[in-house]
Each structure stands twice: as C-alpha cells, then as structure tokens.
Amino acid sequence: MEINLAKNSGFCFGVKRAIDIAISEAEDSKNKNKKIFTYGPIIHNDTVIEDLKAKGINDFTKFNFHNNYNDVLVIIRSHGVGADVYQDFKDKNINYIDATCPFVTKIHNLVFEYSSNGYEIIVFGDKNHQEVIGIAGWCKSKIYIISNIDEAKKLEIKKDRKYAIFSQTTFDVDAYKILVEFFTKNSYNLTVFDTICPSTKSRQEEVNNISKMSNLMLIIGSKNSSNTKKLYNIAKSNCDKTYLIENVSELEKINFSDVDSIAKKIGIGAGASAPEKIIQEVVEYVRSKF
Ligand code: F3S
C-alpha cells in the first residue's frame, strides 16, 4: 500500500496570513482594552474557528455592539468584503486590519476600475460565496454571476456592449476555460482576466494527477469550502472511491477492510482551509489501517 499526500495541501498563503494576523493581534490584546473579531468566519473550518474562539477571537457579524466600538479591532478575512463594509467601518469609526488575500484585492480593484469605465462585469463563481459577494460589492455597473455553461447560455449578452470577465479565485480551472471559450467564440466584446489564484491551480493539478493513479482518494476540508468541493469533484472524476472528510473521525465511516483488498494506492489532498494537524491525523489513521 502506498500513500500519496499532495504537496499543496492545507492552508494557502492567504488563509495562513489572515489567521496569523488574528492570532498575533489576540496575543497583543492581552492585558489591553482590545477585543479581536473577524468579519465573518475567517476560514471554512469549524475546528479552527473553535480554536480561535478559545483565544478570544470572535465573529464580528454575530454581535450587537449597541454602537460602542471603542475597544474593537476587526480582522477582515482573506475572502474579502465589498466596498460598503469599508465605508461602514469608516462611518462608525471601527478599527480594522485588512487581511484580504492580495489575489482577491486585485479582483476588487479591477472590478471597480472596469465597472467605472463602461464595462459590465461577468463573474464565474458561486453567488452565495463570501468572496463573490465581496467582489460584487466593488461593481459600479451591471454584474452577472454564473457558475456553469447553462447559466452562461441564458445571459442576455449584447454585442454592442463591453464586458470584463473574472473568476472566483478558487473556481475550477478547466470549467473557466470552457466558459471563456463560450463567450470568445460568440465574438462578444470581452476583456478576460485570469483570476484563479496560483495556489488553487497547483492544488487542482496535483489532485488531478494523484487521483488518476489512486484506488482510493481522501479529500480533507470543509463541505462548505469552495476550493475543497472543487478538489473533490476533480478527484471523483478520476477515482470512483473518493471521499470528502472534515476530520479523522469521519474515516470511521469508510470500510477500510473492504478497501484493503482493492486499494493499493491511497491519495490524499486537502483544501486551503484544512489545518496541518488534521491532515497529519488522517495520514496516521490511514497508515494504521494497513
Ligand atoms: Fe488567496 Fe488563493 Fe488562498 S486567493 S485566500 S491564496 S485560495
């Protein structure tokens, strides 16, 4: 039996940066009149959120401050927020640190610039995901958010208008190519930006390669996490026995004695919100089973 753990597993640069900022501010706030919050959950991982709560870091959006923000410091998470949130912080004099991932900030700036200059905006992504909601919050013109080719076909795109196209940073690389091809083939007036982040690309590529040669694949991460779900779908398309798990306790549901006789190679990948500790626990568990 062979275990192949993807090298690009666990916290990406943007998530790690946001968590490090929150923890360092919490350390700094000890013995000071300062309460640390994150704007929404900093990461799609309940274990990490609970660890942060234990360090005194809570979700700003879940509290009523009765307009008293004196001791409050808010960390804006890596997924980013719309321009209205910055304005609200300014209006209410709320202290904040912006931990938006630079790859996401780049999209905010481009969406603002192009939508202010006569372009309509098309975003490929999940309309309910916080990153996409944040991106939409920088748009000054009409915005279309679509997640698949069927939705693309239903858009009322006009040949006499200009469009700028973006993707959510964690969108599926191949699906983005297909969607962009659909629009370019129809000779619309488009400016396309490649905004899938480098970490997402290398993760998807590696999981694709490993799952092709595995008899069983485990993808570690939250079921709410966009990039984790994409990894799961890629692995599943190559390896029928692919499981999405949040932590080691879910491995108990997998019948490894059945798998043992079939699986010779086990592949493991993890989304950007999976902590290293959980990844190592999964690897140890799998090793112990064979
Ligand atoms: Fe940033 Fe990419 Fe992570 S956009 S938050 S490095 S998945």
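This text follows the structure it describes.
The present account deals with the structure reproduced in this document. In this text, all values refer to a predicted model and were calculated from it rather than measured experimentally. (Residues numbered from 1 in each chain as written. Predicted model: local features only at pLDDT ≥ 70, side-chain atom pairs only at ≥ 80, totals over all residues. Heavy atoms only, no water.)

At a closest axis distance of 8 Å, the pairing of helix 8 (residues 198-212) and helix 9 (residues 226-238) adopts a crossing angle of 30°. Between helix 8 and helix 9, the angle is such that the two are roughly parallel. Of the two possible hands of crossing, helix 8 and helix 9 adopt the one that is right-handed. Between helix 8, through Arg203, Gln204, Val207, Asn208, Ser211 and Lys212, and helix 9, the contact on the second element is made entirely by Asn227, Lys230, Leu231, Ile234, Ala235 and Asn238. Across the contact of helix 8 with helix 9, the residue classes break down as four nonpolar, five polar and three charged. (Axes fitted to C-alpha atoms, helices over the stretch in contact; angles between N-to-C directions. Helix = DSSP H or I, 4+ residues; strand = E, 2+ residues; numbered from the N terminus. Parallel < 35°, antiparallel > 145°, perpendicular 65-115°, else oblique. Left-handed = near helix turned anticlockwise from the far one by under 90°. Contact = heavy atoms within 4.5 Å. Nonpolar A, V, L, I, M, F, W, Y, C, P; charged D, E, K, R; others polar.)

With that out of the way, let us pick up the layout of surface pockets. The calculated volume of the largest pocket comes to roughly 270 Å³. Counting residues per element, the ones that place at least two in the lining of the largest pocket are helix 2 (46-54) and strand 3 (57-59). At four residues, the largest contribution of residues to the lining of the largest pocket is made by helix 2. (1 Å grid on protein atoms, 1.4 Å probe; cavity = no way out; pocket = protein on both sides within 12 Å on 5 of 7 lines; lining within 4 Å. Points joined across faces, edges and corners; volume = space filled by probe spheres on them.)

What follows deals with the site of the ligand. Taken together, Cys12, Gly14, Cys101, Phe103, Thr169, Thr170, Cys197 and Thr200 make up the full set of residues near the ligand. According to the grid-proximity analysis, the pocket containing the ligand is the largest cavity. Class assignment of the residues belonging to the shell around the ligand gives a composition of four nonpolar, four polar and no charged. (Near = heavy atom within 4 Å. Sits in = over half its atoms within 2 Å of the grid points.)

With that settled, consider the sheet that holds strand 9 (residues 189-192). With parallel pairing, the four strands of this open sheet are ordered in space as 7-6-8-9. Looking at which strands have only one partner, the edges of the open sheet turn out to be strand 7 (143-146) and strand 9. Averaged over all pairs of adjacent strands, the angle between their axes in this sheet comes to 25°, without regard to strand direction. Across four bridges, strand 6 (residues 119-124) lies against strand 7 in parallel orientation. Residue pairing for strand 7: Ile121 is matched across the bridge by Ile143. (Pairing = 2+ DSSP bridges.)

Bringing the pattern of salt bridges into the picture now. Across all of its chains, the model carries 16 salt bridges by this definition. One salt bridge connects Asp28 with Lys34, and the closest N-O pair in it is separated by 3.2 Å. We classify Asp28 as partly exposed; its relative accessible area is 35%. A relative accessible area of 24% means that Lys34 is categorised as partly exposed. Measuring nitrogen to oxygen at the nearest pair gives 3.7 Å for the salt bridge that ties Asp174 to Lys177. Here Lys177 and Asp174 lie together in helix 7 (residues 173-185), a separation of three residues that amounts to about one turn. The exposure class assigned to Asp174 is partly exposed, which follows from its relative accessible area of 48%. (Salt bridge = Lys/Arg side-chain N within 4 Å of Asp/Glu carboxyl O. Buried < 20%, exposed > 50% of the residue type's maximum accessible area, 1.4 Å probe, protein only.)

As a further point, take the nonpolar core. Buried together is how nonpolar side chains tend to be arranged in soluble globular proteins. Formed by 27 residues in total, the largest nonpolar core has its most connected members in Phe60, Val72, Phe89, Val111, Ile121 and Phe166. Tallying contributions element by element places helix 4 (residues 102-115) first for this core, with four residues. In this structure Phe89 touches Tyr39, Phe60, Val74, Ile76, Ile94 and Tyr96, once residues within four positions along its chain are discounted. By size, the runner-up hydrophobic cluster in this structure holds 19 residues, among which are Ile122, Ile146, Ile157 and Tyr188. (Core = buried A, V, L, I, M, F, W, Y, C linked by side-chain atoms within 4.5 Å.)

What follows covers unusual backbone geometry. Most peptide bonds take the trans configuration, and most residues that are not glycine carry a negative phi. We note that His66 has phi near 50°; this positive angle belongs to a residue other than glycine. Here His66 is to be found in the loop between strand 3 and strand 4 (72-76). Positive phi, normally seen in glycine, also occurs at Asn93, with a value near 60°. Inspection of the secondary structure puts Asn93 in the loop between helix 3 (83-92) and strand 5 (95-98).

With that settled, the discussion passes to helix 7. With 13 residues, helix 7 should cover 18 Å at 1.5 Å per step; its first-to-last C-alpha distance of 18 Å lies within 8% of that length. Each element contacted by the buried residues of helix 7 is listed here: strand 6, strand 7, helix 6 (149-154), strand 8 (162-167), strand 9 and helix 8. Regarding helix 7, its N-cap is Asp172, as a side-chain oxygen of that residue lies 3.0 Å from the backbone nitrogen of Asp174 further along. Two residues or fewer past helix 7, Ser187 is found with a positive phi of approximately 45°. (Expected span 1.5 Å × (residues − 1). Polar contact = N/O pair within 3.5 Å; in protein donor to acceptor, adjacent residues only side chain to side chain.)

This part covers the side chain of His79. Structurally, His79 is set in the loop between strand 4 and helix 3. The residues contacting His79, other than those within four sequence positions of it, are His44, Val104, His129, Gln130 and Glu131.

The subject of this paragraph is the packing of aromatic side chains. Here the structure, examined in full by the defined rule, presents 25 aromatic pairs. Ring geometry for Phe182 and Phe183: centres 5.2 Å apart, planes at 75°, overall edge-to-face. Residue Phe182 is classed as buried on the basis of its relative accessible area of 14%. Ring pairing ties together the aromatic residues Phe37, Tyr39, Phe60, Phe63, Phe65, Tyr69, Tyr86, Phe89, Tyr96, Phe112 and Trp138, which thus form one cluster. (Phe/Tyr/Trp six-rings, centres within 6.5 Å; stacked < 30°, edge-to-face > 60°.)

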